[in-house]
Amino acid sequence: MKPSRDIARLIEIMAALRTPGTGCPWDLEQDFASVAPYTVEEAYEVADAIARGDKLDLKDELGDLLLQVVFHARMAEEEGAFAFPDVVEAITGKLIRRHPHVFGDARDLSPAEVKALWHRIKAQEKADKAAARAAAGLPPQEEERGVLAGVPPSLPALTRAWKLQARASTVGFDWNDARLVLDKIREETQEIDEALADGDKAAIREEIGDLLFVIANLARHVDADPEGCLAAANTKFERRFKGIEAALEMQGRTAADASLEEMEALWQAVKKAEKAADS
């Protein structure tokens, strides 16, 4: 087989990898649950390429993510559940259905009218899906109720905290000033201090969770993505620590050879150099 720009070739390759007897032993032993973590990982790698502005890498990572869709679709086809064309049909149908102001007769709508229409369409989709499950002899899905319904537990914890609090805010359960959230952060750090003094590990873990939850809310109040904020902090830490290592390497030493005081001094030097470069 040769590389191709045709999606059909990718589907053929996936089928070959999953063919018993001639396929790849690793691919053949996979199932939905074992592949799912790779799917999540590939989505993060797409986001990382975007954050770095690396379009060449983005092309490769999007291919890796597309492979995950094809992989899941192939396994579903083997079970007789659905195939890749059904996935394409489902999403194209959803996009057309949810955008009648683009593909239908509902033209010249205001943003508020588009939002209201969107909610009506989603409600109808939900009813249609329930009817389709009943017609197929499938049990009804357990229905979540309440303001927080529909926020997936599988989301990254900080993102889910952001979304849960955003949902709660729609009914007025929210602070009206980011500085009030900051006061809550101070309160949570005090509670961590008290838990540390007591030496209660369970309480310490709980209070750290509370602090992270409120920090996610602060990010929401200033329209910042908490995952993105933490990712940027991780990158900054990594860059500055590598600066420490580079400085020590010039002295013929490693981080293991340096004292905490020496590394802190080098950290401040790296930090100062970065700020000078940015000014």
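These notes cover the structure that comes with them. (Residues numbered from 1 in each chain as written. Predicted model: local features only at pLDDT ≥ 70, side-chain atom pairs only at ≥ 80, totals over all residues. Heavy atoms only, no water.)

A few words on the environment of G243. Within the secondary structure, G243 is located in helix α11 (residues 226-250). Residue classification places G243 among the partly exposed residues on the basis of a relative accessible area of 22%. Separated by 28 residues in sequence, G243 and K271 have C-alpha atoms that sit 9.2 Å apart. (Helix = DSSP H or I, 4+ residues; strand = E, 2+ residues; numbered from the N terminus. Buried < 20%, exposed > 50% of the residue type's maximum accessible area, 1.4 Å probe, protein only.)

A separate point is the side chain of E125. Mapped onto the elements of the fold, E125 is located in helix α7 (residues 111-135). Aside from chain neighbours lying at most four places away, what touches E125 is K94, R97 and R98. (Contact = heavy atoms within 4.5 Å.)

Turning to the layout of surface pockets, a few remarks are in order. In this structure, the second largest pocket occupies an estimated 500 Å³ of space. Contributions of two or more residues to the lining of the second largest pocket are made by α3 (32-52) and α11. Residue classes in the lining of the second largest pocket are distributed as 7 nonpolar, 4 polar and 4 charged. (1 Å grid on protein atoms, 1.4 Å probe; cavity = no way out; pocket = protein on both sides within 12 Å on 5 of 7 lines; lining within 4 Å. Points joined across faces, edges and corners; volume = space filled by probe spheres on them. Nonpolar A, V, L, I, M, F, W, Y, C, P; charged D, E, K, R; others polar.)

Before going further, it helps to examine the packing of aromatic side chains. Here the distance between the centres and the angle between the planes together describe a pair of aromatic rings. Inspection of every chain in the model, using the stated rule, returns 3 aromatic pairs. Where W26 meets Y38, the ring centres are 5.8 Å apart and the plane angle is 80 degrees; that geometry is what we call edge-to-face. With W26 in helix α2 (residues 25-28) and Y38 in helix α3, this residue pair connects regions lying 12 residues apart in the sequence. The exposure class of W26 is partly exposed, given its relative accessible area of 38%. Aromatic side chains F237 and W267 sit 5.5 Å apart centroid to centroid with 45 degrees between the ring planes, which places their arrangement in the tilted category. Here W267 lies in helix α12 (residues 260-278) and F237 lies in helix α11, a separation of 30 residues in the sequence. Here W267 falls in the buried class, since its relative accessible area comes to 17%. (Phe/Tyr/Trp six-rings, centres within 6.5 Å; stacked < 30°, edge-to-face > 60°.)

This brings us to the pattern of salt bridges. Within the structure shown, the criterion is met by 18 salt bridges. With its nearest N and O atoms 2.8 Å apart, the salt bridge here joins R52 to D48. In this pair, R52 and D48 are both assigned in helix α3, 4 residues apart and thus about one turn of the helix distant. Owing to a relative accessible area of 43%, R52 belongs among the partly exposed residues under this scheme. With a closest N to O distance of 2.8 Å, D183 and R186 form a salt bridge. Pair noted here: D183 and R186 are both in helix α9 (residues 178-198), with a separation of 3 residues, about one helical turn. One salt-bridge network, held together by shared partners, links R18, R74, E77 and E78. (Salt bridge = Lys/Arg side-chain N within 4 Å of Asp/Glu carboxyl O.)

A few words now on a positive patch on the surface. Where like charges cluster on the molecular surface, the positive patch consists of K94, K122, K129, K163 and R167. Going through the elements one at a time, α7 and α8 (157-169) are the ones with two or more residues in the positive patch. For K129, the position within the fold is in helix α7. What makes K129 partly exposed here is its relative accessible area of 47%. (Patch = residues over 30% accessible without salt bridge, like charges linked within 9 Å, V, L, I, M, F, W, Y side chains within 5 Å. Areas by Shrake-Rupley, 256 points an atom, 1.4 Å probe, with all protein chains shown as cover. Lys, Arg positive; Asp, Glu negative; His and termini not counted. Charge placed at Lys NZ, Arg CZ, Asp CG, Glu CD.)

Taken together, the side chains of D193, E194, D198 and D200 define an acidic patch exposed on the protein surface. Note on placement: D193 falls in helix α9.

Turning our eyes to something else, we now look at empty space enclosed by the protein. Going through the model one piece at a time under the given rule, you end up with 1 cavity of 30 Å³ or more. Looking at the largest cavity, its volume works out to about 40 Å³. Lining the largest cavity, in full, are I11, M14, V70, A73, R74, E77 and F84. Every element with two or more residues in the lining of the largest cavity is listed here: α1 (7-17) and α4 (55-78). Take the lining of the largest cavity: its biggest share by element is 4 residues, from α4.

Structurally, the position occupied by D54 is in the loop between α3 and α4. Reaching out from D54, the side chain makes a polar contact with the backbone nitrogen of D57 at a distance of 2.9 Å. (Polar contact = N/O pair within 3.5 Å; in protein donor to acceptor, adjacent residues only side chain to side chain.)

In this model, α7 (25 residues) spans 36 Å end to end at C-alpha, consistent with the 36 Å of a helix rising 1.5 Å per residue. Contacts made by the buried residues of α7 are with α5 (84-98) and α6 (100-103). Looking at the residues trailing α7, positive phi occurs at G137, about 75 degrees. (Expected span 1.5 Å × (residues − 1).)

Keep in mind that these numbers describe shape and distance, not what the molecule does.
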